[in-house]
Amino acid sequence: MSITARDERFMREAIGLSLTHVGRTGSNPSVGCVIVKDGQVVGRGVTALGGRPHAEPQALDEAGVKARGATAYVTLEPCSHHGKTPPCANAIIAAGISRVVVAVADPDPRVSGQGLKMLADADIEVTIGVLQKEARRAMSGYLTRQTKGRPQVILKLAVSADGMLGREGAGQVAITGAQARTEVHRLRAASDAILVGIGTALADDPELTVRLPGLEEASPLRVVVDRRAELPASSKLARTAGSVPVLVAVSTGAEGNRAALADAGVEIVELEGVEELLSTLAQRGISSLMVEGGARVASDLLSRGLVDRIHLYCGEIVVGEGGIASPITASQMPAGFALAEERMLGRDRLRIYDRLPASAWV
Ligand SMILES: NC(=O)C1=CN([C@@H]2O[C@H](COP(=O)(O)OP(=O)(O)OC[C@H]3O[C@@H](n4cnc5c(N)ncnc54)[C@H](OP(=O)(O)O)[C@@H]3O)[C@@H](O)[C@H]2O)C=CC1
Ligand SMILES: Nc1c(N[C@@H]2O[C@H](COP(=O)(O)O)[C@@H](O)[C@H]2O)[nH]c(=O)[nH]c1=O
Ligand SMILES: [Zn+2]
């Protein structure tokens, strides 16, 4: 059967469902599933918080007997492996689904085409690639970790009208307003980890938690790149390490405040460089890393080609004298990034840039 406008409509609904749990499903991607019978949605599922159960069994449960002869729309190829839950492909077959429409094949080597094959072998009609681009964007963290062995890196910077990130010696400078800050907290909640440089940790004493009603439990792992273990045990990060984990990446043999930090419950990891840090995070199942600054860490990651997406918040204030220049502004974007989204948040403008695949700009 060829792809129809109806297929796209139901896949869009499945993608919308998947977006509700992004960043909150552990190492598992947030997948959406919609079961459709006679043009009506009879079951919906999204990968549960923490990663299990997967989307499909939940949607099938809701559909009950109506699943027989129905079409399942799934944003990711149904799994074929016996992991922490039985294969979703088996559940689909057992429920009597007659057609499965998939947006993206699963690069997980335990699945990787096997799920589609199991369905086809059971005489289920399989259509692949519907709204692939949109679905890839919705699970870009998971896909980056699976294919590159590192998390997707999202750089967030708030830039003043004169291109500054802050002011020397002034600590946190309010560059954007309340609506933009709420959006930053949403982005934190949708990320698996947040990273800052020791410069920012010392200058701003940030907490880096999610402080939005209903999302307090969604604070991700907080990471500080701090070669000499200079983070004070009295910092907000260290003081809250008991409730929201903190990892400090130090150079081999660094002493600094190490003992006091460890006492505060901060995890200290000796790593030689940012690439090693990223692969360590990926091995722990971290798929998306939000980088909240500062200037030097942002420049370093950009120059290494390790930034996948940029969230640039452009405020109206002018910092002036003593300003810390941003490595990027809306008028000075590094090559290889394209504007993907733009919207106003109160008086601030959010611009989101995606890195283009290398083939598109070399
Ligand atoms: N407007 C905004 O969006 C934001 C603004 N800020 C502002 O930025 C300022 C801090 O920026 P900045 O001083 O540049 O500090 P950073 O937060 O970028 O930290 C830089 C320090 O981190 C250490 N480091 C460890 N690994 C790396 C690496 N791979 N790349 C670069 N540095 C690394 C370096 O220490 P060493 O070389 O000594 O080992 C370096 O001096 C503050 O004033 C803060 O208010 C911060 C965040 C966001
Ligand atoms: N979240 C999700 C899938 N995720 C798949 O399952 C793998 C994790 O398996 P496990 O550790 O056993 O939960 C993950 O790497 C990916 O291949 N699959 C699906 O059929 N539906 C889902 O909703
Ligand atoms: Zn599954």
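Residues numbered from 1 in each chain as written. Chains lettered and ligands numbered in written order. Predicted model: local features only at pLDDT ≥ 70, side-chain atom pairs only at ≥ 80, totals over all residues. Heavy atoms only, no water.

Counted by the stated rule, this structure contains 23 salt bridges. Residue E292 pairs with K156 through a salt bridge whose shortest N-O separation is 3.7 Å. Remark: K156 occurs in strand β6 (residues 152-159) and E292 occurs in the loop between β12 (288-291) and α12 (295-303); sequence separation between them is 136 residues. Note on E292: relative accessible area 12%, which makes it buried. Given a relative accessible area of 13%, K156 falls into the buried group. The shortest N-O distance in the salt bridge between R258 and E270 comes to 2.9 Å. Taken as a pair, R258 in helix α10 (residues 258-263) and E270 in strand β11 (residues 267-270) lie far apart in primary sequence, twelve residues in all. Assessed through its relative accessible area of 33%, E270 is described here as partly exposed. Residues participating in the shared-partner salt-bridge network are R137, E183, R186, R309, E341, R343 and D354. (Salt bridge = Lys/Arg side-chain N within 4 Å of Asp/Glu carboxyl O. Helix = DSSP H or I, 4+ residues; strand = E, 2+ residues; numbered from the N terminus. Buried < 20%, exposed > 50% of the residue type's maximum accessible area, 1.4 Å probe, protein only.)

Moving on: the coordination of the zinc ion (ligand 3). For the zinc ion (ligand 3), every protein donor is listed as H54 (ND1), C79 (SG) and C88 (SG), and the spread of their distances is 2.0 to 2.2 Å. Each of the four donor atoms bound to the zinc ion (ligand 3) contributes to angles spanning 95 to 119°, and the resulting shape is tetrahedral. Of note, the zinc ion (ligand 3) draws all its donor residues from one chain, in the sequence arrangement H-x24-C-x8-C. One end of the pair, H54, is in the loop between β2 (40-46) and α2 (55-63); the other, C88, is in helix α3 (residues 88-94), with 34 residues separating them in the sequence. Accessibility expressed as a relative area gives 12% for H54, which makes it buried. (Donors = N, O, S within 2.8 Å, 3.2 Å for Na, K, Ca; no water. Tetrahedral: all angles 85-135°; square planar, octahedral: opposite > 155°, others 65-115°.)

This brings us to the UniProt feature "domain: CMP/dCMP-type deaminase" (unreviewed entry) in the protein. In the numbering used here, UniProt assigns the "domain: CMP/dCMP-type deaminase" (unreviewed entry) feature to residues 5-116. Between the end C-alpha atoms of residues 5-116 the distance is 22 Å, and the span holds 30% helix and 22% strand. (UniProt positions renumbered as here; feature names shortened; annotations may be inferred.)

The periodicity of an α-helix, 3.6 residues per turn, causes residues three or four positions apart to be oriented the same way. For helix α4 (residues 114-121), the set of buried residues is G115, L116 and L119. Along the axis of α4, the buried positions cluster into a sector of 100°, meaning they face one direction only. On the buried face of α4, the contacting elements are α3, β4 (99-104) and β5 (125-128). Just downstream of α4, D123 is the residue with a positive phi angle, here 65°. (Arc of directions from axis to C-beta. Contact = heavy atoms within 4.5 Å.)

This part is about the sheet that holds strand β3 (residues 71-76). What holds strands together in a sheet is hydrogen bonding between their backbones, with the strands either parallel or antiparallel. Spatially, β2-β1-β3-β4-β5 is the arrangement adopted by the five strands of the open sheet, whose pairing is mixed. Across the chains shown, the open sheet's two edge strands, defined by having one partner strand only, are β2 and β5. Across the sheet, the mean angle from the axis of one strand to that of its neighbour is 15°, orientation sign disregarded. Along the sheet, α4 makes contact with β4 and β5, crossing β5 at roughly 150°. (Pairing = 2+ DSSP bridges. Axes fitted to C-alpha atoms, helices over the stretch in contact; angles between N-to-C directions.)

Bringing helix α1 (residues 5-19) into the picture now. Compared with the 21 Å implied by 1.5 Å per residue over 15 residues, the 21 Å span of α1 between its first and last C-alpha is a close match. Buried within α1 are the following residues: D7, F10, M11, A14, I15, L17 and S18. For α1, the angular spread of buried residues about the axis comes to 155°, placing them on one side. Tucked inside the fold, the buried residues of α1 contact β1 (32-37), β2, β3, β4 and α5 (132-138). (Expected span 1.5 Å × (residues − 1).)

Taken together, 21 residues lie near ligand 2, and R52, E56, K84, D106 and D108 sit nearest. Between ligand 2 and the protein, one listed contact pairs an oxygen atom with a side-chain N or O atom of H54 at 2.8 Å. The contact in question runs from an oxygen atom of ligand 2 to an N or O atom on the side chain of H81, over 3.1 Å. In isolation ligand 2 exposes 520 Å². Once the protein is present, 96% of that is buried. At the level of secondary structure, the elements contributing two or more residues to the shell around ligand 2 comprise α2 and α6 (140-148). Broken down by class, the residue content of the shell around ligand 2 amounts to eight nonpolar, seven polar and six charged. (Near = heavy atom within 4 Å. Polar contact = N/O pair within 3.5 Å; in protein donor to acceptor, adjacent residues only side chain to side chain. Areas by Shrake-Rupley, 256 points an atom, 1.4 Å probe, with all protein chains shown as cover. Nonpolar A, V, L, I, M, F, W, Y, C, P; charged D, E, K, R; others polar.)

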